[in-house]
Amino acid sequence: MTELEQQLAKALARRDAPAGFSDRVLAAVQQSNRRVPWWRKMVPKSSASAWRLVPATVALVIAMSGALYQHHEKAEEGETAKRQLIAAMKIAGEKLHTAQQRVVEIGEIRTNEGSY
Amino acid sequence: MKAAIEGKAMKNIFYWVMAASLAVPVFALEDVKMPVNLERLAAHATESVDVTLDASMLQFASKFLSKDDPDEVQVKKLVSKLKGVYVRSFEFDKEGQYSASDLESVRAQLKTPAWSRIVGVKSTKGENSEVYLLKHGDEIGGLVVIAAEPKELTIVHIDGPINPEELSELGGHMGIPKISKDGSKVVKSPKNKEE
């Protein structure tokens, strides 16, 4: 065996990994997996796949706009109903008050007539 | 045997029909419908208010009432048990735009034993007020106010339980002055004081 062969055999000799090496490798792999944001995993890697998402995105935007419009319409209806309710209660209160006042006035007139 | 069973079934059906036919008029006696002929008054009116809020609309509207505004809190409390609020109000620029017959169909509905007139004021100036209550034992199940003035006509129907305290609390809120318990003084509401 030549000197070169001896050096090669020594350099390529099978050696056991240092203690904790496999744990460190697994931890590093997990760390690198965590660094990828969730949305990036959803983004298609090829442009062909990206184009396939367009109809779904458009449908989602339309659905969201519809939901927002419905919410707005419902809020408008609610505000109108609220205004009507307040107006109705105001009128009811005013008319009851007027009736009550007239009864009181009649009572006062009768009391005054009785005292003279 | 078969004839006996059929006879019993027929008897049951007869009782159910009888019970239903008796129940319908009882509900009908309490029900007040705003007359359709009032709608034509809106054409002559300078200002008209037409409010029709049934139970579901009342609940819907009350969701939009503020929790901070005391007036709206009061209204919310008041309408929580109500089944409906109906208002027809017309203001005219001249007298004689409506006739007594326009109110007859409302009054006719209130001439049932279920309803009792608690206020009926007629003045020489033509300013008349009537208040009718629907009584369910000790509780009030509804209220109708008819206010007829020469240039103004208002009919209010509040359907549902209102206790007298809540009723009187209508005054003193929403800018409406409140009559004190002795009836002699008019206590202004905080809103009026600010004005």
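Nothing here was measured: the structure is a model prediction, and the numbers come from that model.

Reading the values: the criteria
Residues numbered from 1 in each chain as written. Chains lettered and ligands numbered in written order. Predicted model: local features only at pLDDT ≥ 70, side-chain atom pairs only at ≥ 80, totals over all residues. Helix = DSSP H or I, 4+ residues; strand = E, 2+ residues; numbered from the N terminus. Buried ≥ 20, exposed ≤ 12 C-beta atoms within 10 Å, placed from the backbone. Contact = placed C-beta atoms within 7 Å. Pairing = 2+ DSSP bridges. Axes fitted to C-alpha atoms, helices over the stretch in contact; angles between N-to-C directions. pLDDT = per-residue confidence, 0-100. Core = buried A, V, L, I, M, F, W, Y, C linked by C-beta atoms within 7 Å. Arc of directions from axis to C-beta. Expected span 1.5 Å × (residues − 1).

Another point: the overall build of chain A. Helix and strand counts for chain A come out as four helices and zero strands. In chain A, the order of α-helices and β-strands from amino to carboxyl end is α-α-α-α. Here chain A, with 116 residues, has 10% of them falling under the buried criterion.

Right, let's get into the overall build of chain B. Looking only at helices and strands, chain B has six helices and eight strands in total. Its helices and strands taken in sequence order, chain B reads α-β-α-α-β-α-β-β-β-β-α-β-β-α from the N to the C terminus. Taking the intrachain contacts of chain B between residues at least 6 apart in sequence as the baseline, contacts between residues at least 24 apart amount to 53%.

Residue and element names in this part refer to chain B. Strand order in the open sheet formed by six strands is E1-E2-E6-E5-E4-E3, and the pairing between neighbours is antiparallel. Edge strands, defined here as strands with exactly one partner in the open sheet, are strand E1 (47-54) and strand E3 (115-121). The sheet shows a mean angle of 10° between the axes of neighbouring strands, direction not considered. Summarising the sheet, E3 and strand E4 (residues 128-136) pair through six bridges and their orientation is antiparallel. Each bridged residue has a counterpart across the sheet, and for Val119 the counterpart in E4 is Val131. Sheet contacts for helix H2 (residues 55-62): E1 and strand E2 (84-91); angle to E1, the most-contacted strand, approximately 100°.

The next point concerns the confidence of the model for chain A. Counting all residues, the mean pLDDT for chain A is 84, and 96% of those residues have values of 70 or more. The lowest-confidence element of chain A is helix H3 (residues 38-42) of chain A, averaging 75 in pLDDT; the highest-confidence one is helix H1 (residues 3-11) of chain A, averaging 88.

Residue and element names in this part refer to chain B. Joining the antiparallel neighbours E3 and E4 is a turn of six residues, in which Gly126 adopts a positive phi near 85°. Bridge count for E4 against strand E5 (residues 139-149) is nine bridges, and the pairing is antiparallel. The partner of Leu134 across the bridge, within E5, is Gly142. The hairpin formed by E4 and E5 contains two residues between the paired strands, and Gly137 there has a positive phi angle of roughly 65°.

Attention now moves to the nonpolar core. Membership of the largest hydrophobic core comes to 33 residues, with the highest contact counts inside it found for Leu85, Ala88 and Ala92 of chain A together with Leu53, Val85, Val145 and Val156 of chain B. When contributions to this core are tallied by element, the ones reaching two or more residues are helix H4 (47-115) of chain A together with E1, H2, helix H3 (70-79), E2, E4, E5 and strand E6 (152-159) of chain B. Among residues more than four places away in sequence, those in contact with Ala88 of chain A are Val51, Leu53, Val85 and Val87 of chain B.

This brings us to the confidence of the model for chain B. Residues and elements named next belong to chain B. On average, residues of chain B score 78 in pLDDT, and 70% of them are at 70 or above. Throughout residues 183-195 the model reports pLDDT below 50, and contacts reaching past four residues in sequence, or to other chains, amount to 20 contacts. Taken together, the chains of this predicted complex give a pTM of 0.66 and an interface ipTM of 0.71.

Moving on to H3 of chain B. All buried positions along H3 of chain B are accounted for by Glu72, Val75, Leu78 and Val79 of chain B. Buried residues of H3 of chain B fall within an arc of 120° about the axis and therefore sit on the same side.

Another aspect to go through is helix H2 (residues 21-34) of chain A. Relative to the 20 Å expected for 14 residues at 1.5 Å per residue, H2 of chain A spans 20 Å between its end C-alpha atoms, a close match to the ideal helical length. Of all the 14 residues making up H2 of chain A, zero are buried; the element is thus mostly uncovered.

Take the environment of Ala61 of chain B next. Position of Ala61 of chain B relative to the elements: it lies in helix H2. Since 25 C-beta atoms lie within 10 Å of it, Ala61 of chain B is described here as buried. Apart from residues no more than four positions distant in its own chain, Ala61 of chain B is found in contact with Gly78, Ala81, Lys82, Gln84 and Leu85 of chain A together with Leu53 of chain B.

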